[in-house]
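Chain residues, written in single-letter form:
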Amino acid sequence: MTIAGEPVPANSSWLTRYYLVRFLFSALWVVLALVTGSSHPAFSAGLIVAYPAWDSLANLIDAQRSGGFRANPTQAVNAIVSAIVTLAVAIAATRDFHAVIAVIGIWATLSGIFQLSTAVRRRRSAAGQWPMILSGAQSALAGIFFLVMANNPSSNPSVAEVAPYAAFGAFYFAVSAVLLIRKIR
């Protein structure tokens, strides 16, 4: 059963599964980041590298499953940017976590803009996009916060500072999945 004016795409079961997997990954990542914090630097570095790597892979798969790269240019660019950021974070992680947070800040801003653009485009053909719109906007704003944190020499950033950002992402993916499930039924 659907509500009038709320589209349910032909691939809504894919999108629901995709949002659920994104939620589960992010929720697990948050738990691991909070548990390890700064107490296990090597594991924390692996976590911080894995986050944009996962985003790149997830955007690639979703773009392919949702009509290809031509139909989803914002996701294609987001996947490329996230792959580049993965390398930049890996390099920065060998130096200073302030540099890592700066790279994460730039990435959060860019990926937020791309996510917002994807959700605005997708809302015409898929239900449950308003949480993705909010998530994209919040990600772009969080990126600015990360850049400020990175430029504060008195701060001692760790992977735990990125956990709230990832937790909000997990929340928005969960809400979108629930909305899609409700629209399908």
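Summarised in this report is the structure supplied together with it. Nothing here was measured: the structure is a model prediction, and the numbers come from that model.

1. A few points about the nonpolar core
For soluble globular proteins, nonpolar side chains are generally found buried alongside one another.
Step number 1: The biggest cluster of nonpolar side chains holds 27 residues, and the ones touching the most others in it are Trp 29, Ile 48, Ile 104, Phe 146, Val 162 and Tyr 165.
Step number 2: Elements with a contribution of two residues or more to this core: helix H1 (12–36), helix H2 (41–65), helix H3 (73–93), helix H4 (97–122), helix H5 (130–150) and helix H6 (163–184).
Step number 3: Ranked by the residues each element gives to this core, the list is headed by H4, at 8 residues.
Step number 4: Beyond its immediate chain neighbours, meaning those up to four positions away, Trp 29 contacts Leu 47, Ile 48, Tyr 51, Val 159, Val 162, Ala 163 and Ala 166.
Step number 5: One finds Tyr 18, Ala 58, Ala 119 and Met 132 within the second-largest nonpolar core, a separate group that totals 14 residues.

2. Re H5
Step number 1: With 21 residues, H5 extends 30 Å between its outermost C-alpha atoms, agreeing within 8% with the 30 Å of an ideal straight helix rising 1.5 Å per residue.
Step number 2: Turning to H5, its buried residues are Pro 131, Met 132, Ser 135, Gly 136, Ser 139, Ala 140, Ala 142, Gly 143, Phe 146, Met 149 and Ala 150.
Step number 3: Turning to H5, the residues buried within the fold contact H1, H4 and H6.

3. Details of the environment of Gly 105
Step number 1: Its location among the elements puts Gly 105 in helix H4.
Step number 2: Note on Gly 105: relative accessible area 0%, which makes it buried.
Step number 3: Expressed as a C-alpha distance, the spacing of Gly 105 and Ala 174, which sit 69 residues apart in the sequence, is 23 Å.
Step number 4: Other than its neighbours up to four places away in sequence, Gly 105 contacts Gly 143, Phe 146 and Leu 147.

4. So, a nonpolar patch on the surface
Step number 1: A cluster of nonpolar side chains, contributed by Leu 57, Leu 60, Ile 61 and Phe 69, occupies part of the molecular surface with about 300 Å² of accessible area.
Step number 2: If you trace the backbone, Ile 61 turns up in helix H2.
Step number 3: Accessibility expressed as a relative area gives 33% for Ile 61, which makes it partly exposed.

5. Side note on the pattern of salt bridges
Step number 1: Counting across every chain of the model gives 2 salt bridges.
Step number 2: As a salt-bridge pair, Asp 55 and Arg 22 come within 2.6 Å of each other at their nearest N and O atoms. Taken as a pair, Asp 55 in helix H2 and Arg 22 in helix H1 lie far apart in primary sequence, 33 residues in all. With respect to burial, Asp 55 and Arg 22 carry one shared label: buried.
Step number 3: Here Asp 62 ties to Arg 122 by a salt bridge, and the two come within 2.8 Å at their closest N and O atoms. With Asp 62 in helix H2 and Arg 122 in helix H4, this pair connects stretches of sequence that are 60 residues apart. Residues Asp 62 and Arg 122 agree in their burial class; the two are buried.

6. Some remarks on the packing of H2 against H4
Step number 1: Direction vectors running N to C along H2 and H4 enclose 20 degrees, while the axes themselves pass 11 Å from each other. With respect to H4, the axis of H2 lies roughly parallel. Where H2 crosses over H4, the two elements pack in a sense that is left-handed. Taking contact as the criterion, the partners of Ile 48, Tyr 51, Pro 52, Asp 55 and Asp 62 in H2 are, on H4, Phe 97, Val 100, Ile 104, Trp 107, Ser 111 and Arg 122.
Step number 2: Its residues placed into classes, the contact of H2 with H4 shows 7 nonpolar, 1 polar and 3 charged.

Conventions we followed
- Residues numbered from 1 in each chain as written.
- Predicted model: local features only at pLDDT ≥ 70, side-chain atom pairs only at ≥ 80, totals over all residues.
- Heavy atoms only, no water.
- Core = buried A, V, L, I, M, F, W, Y, C linked by side-chain atoms within 4.5 Å.
- Buried < 20%, exposed > 50% of the residue type's maximum accessible area, 1.4 Å probe, protein only.
- Helix = DSSP H or I, 4+ residues; strand = E, 2+ residues; numbered from the N terminus.
- Contact = heavy atoms within 4.5 Å.
- Expected span 1.5 Å × (residues − 1).
- Patch = residues over 30% accessible without salt bridge, like charges linked within 9 Å, V, L, I, M, F, W, Y side chains within 5 Å.
- Areas by Shrake-Rupley, 256 points an atom, 1.4 Å probe, with all protein chains shown as cover.
- Salt bridge = Lys/Arg side-chain N within 4 Å of Asp/Glu carboxyl O.
- Axes fitted to C-alpha atoms, helices over the stretch in contact; angles between N-to-C directions.
- Parallel < 35°, antiparallel > 145°, perpendicular 65-115°, else oblique.
- Left-handed = near helix turned anticlockwise from the far one by under 90°.
- Nonpolar A, V, L, I, M, F, W, Y, C, P; charged D, E, K, R; others polar.

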